[in-house]
Amino acid sequence: MIILKYYNQDTIKFVFCDNGVGVPEDLDWRNTKSLGLNLIVHLAEKQLGGSIRLDREKGTCFTIKFNRDNNQPEV
């Protein structure tokens, strides 16, 4: 599942989930050697200046929230 929508007037919410085996509870997903997880965290926090949250309840579900930049052209 992938969702991209306005969370409120100034914030965009991006959610991507799967119902697979999930990220192990003992894995520090913010500090791992996994290139994919490092890219996700770096993109969310450093490039977008947002926040990222992991929900492991039913597979893997990442929620990224970031501010809308009104100075960027519409695509």
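That block above? That's the structure.
Residues numbered from 1 in each chain as written. Predicted model: local features only at pLDDT ≥ 70, side-chain atom pairs only at ≥ 80, totals over all residues. Heavy atoms only, no water.

1. A look at the state of the cysteines
Note on terminology: disulfide describes a covalent bond linking the sulfur atoms of two cysteines.
Here comes step 1: In the structure shown here, the tally under the stated rule is 1 disulfide.
Here comes step 2: Disulfide pairing is shown between Cys17 and Cys61; the S-S distance is 2.0 Å. A residue pair is termed long-range when its members are at least 10 positions apart, and Cys17 in strand β2 (residues 11-18) and Cys61 in strand β4 (residues 60-67) qualify at 44 residues. Take Cys17 and Cys61: they sit in the same class, and that class is buried. (Disulfide = S-S within 2.5 Å. Helix = DSSP H or I, 4+ residues; strand = E, 2+ residues; numbered from the N terminus. Buried < 20%, exposed > 50% of the residue type's maximum accessible area, 1.4 Å probe, protein only.)

2. Quick notes on the nonpolar core
Here comes step 1: Formed by Ile12, Val23, Trp29, Leu37, Val41, Ala44, Ile52, Leu54, Phe62, Ile64 and Phe66, the largest nonpolar core amounts to 11 residues.
Here comes step 2: Of all elements in the fold, only α1 (35-47), β3 (51-55) and β4 reach the threshold of two or more residues within this core.
Here comes step 3: Beyond its immediate sequence surroundings of up to four residues, Val23 is in contact with Trp29, Leu54, Arg56 and Thr60. (Core = buried A, V, L, I, M, F, W, Y, C linked by side-chain atoms within 4.5 Å. Contact = heavy atoms within 4.5 Å.)

3. Overview of the pairing of strand β1 (residues 2-6)
Residues in a regular strand point their side chains to alternate faces of the sheet.
Here comes step 1: Inspection of the sheet shows β1 paired to β2 by 5 bridges, in the antiparallel sense. By the bridge assignment for β2, Tyr6 is matched with Ile12.
Here comes step 2: Hairpin connection from β1 to β2: 4 residues lie between these consecutive antiparallel strands. (Pairing = 2+ DSSP bridges.)

4. Considerations on the sheet that holds β2
Here comes step 1: Read from one edge to the other, the open sheet built from 4 strands follows the order β1-β2-β4-β3, with strand pairing classed as antiparallel. Looking along the sheet, the strands with just one partner apiece sit at the ends: β1 and β3. Put simply, the sheet's adjacent strands are angled 15° from each other on average, direction ignored.
Here comes step 2: Each of β2, β3 and β4 touches α1; the most contacted strand, β3, lies at about 140° to it. (Axes fitted to C-alpha atoms, helices over the stretch in contact; angles between N-to-C directions.)

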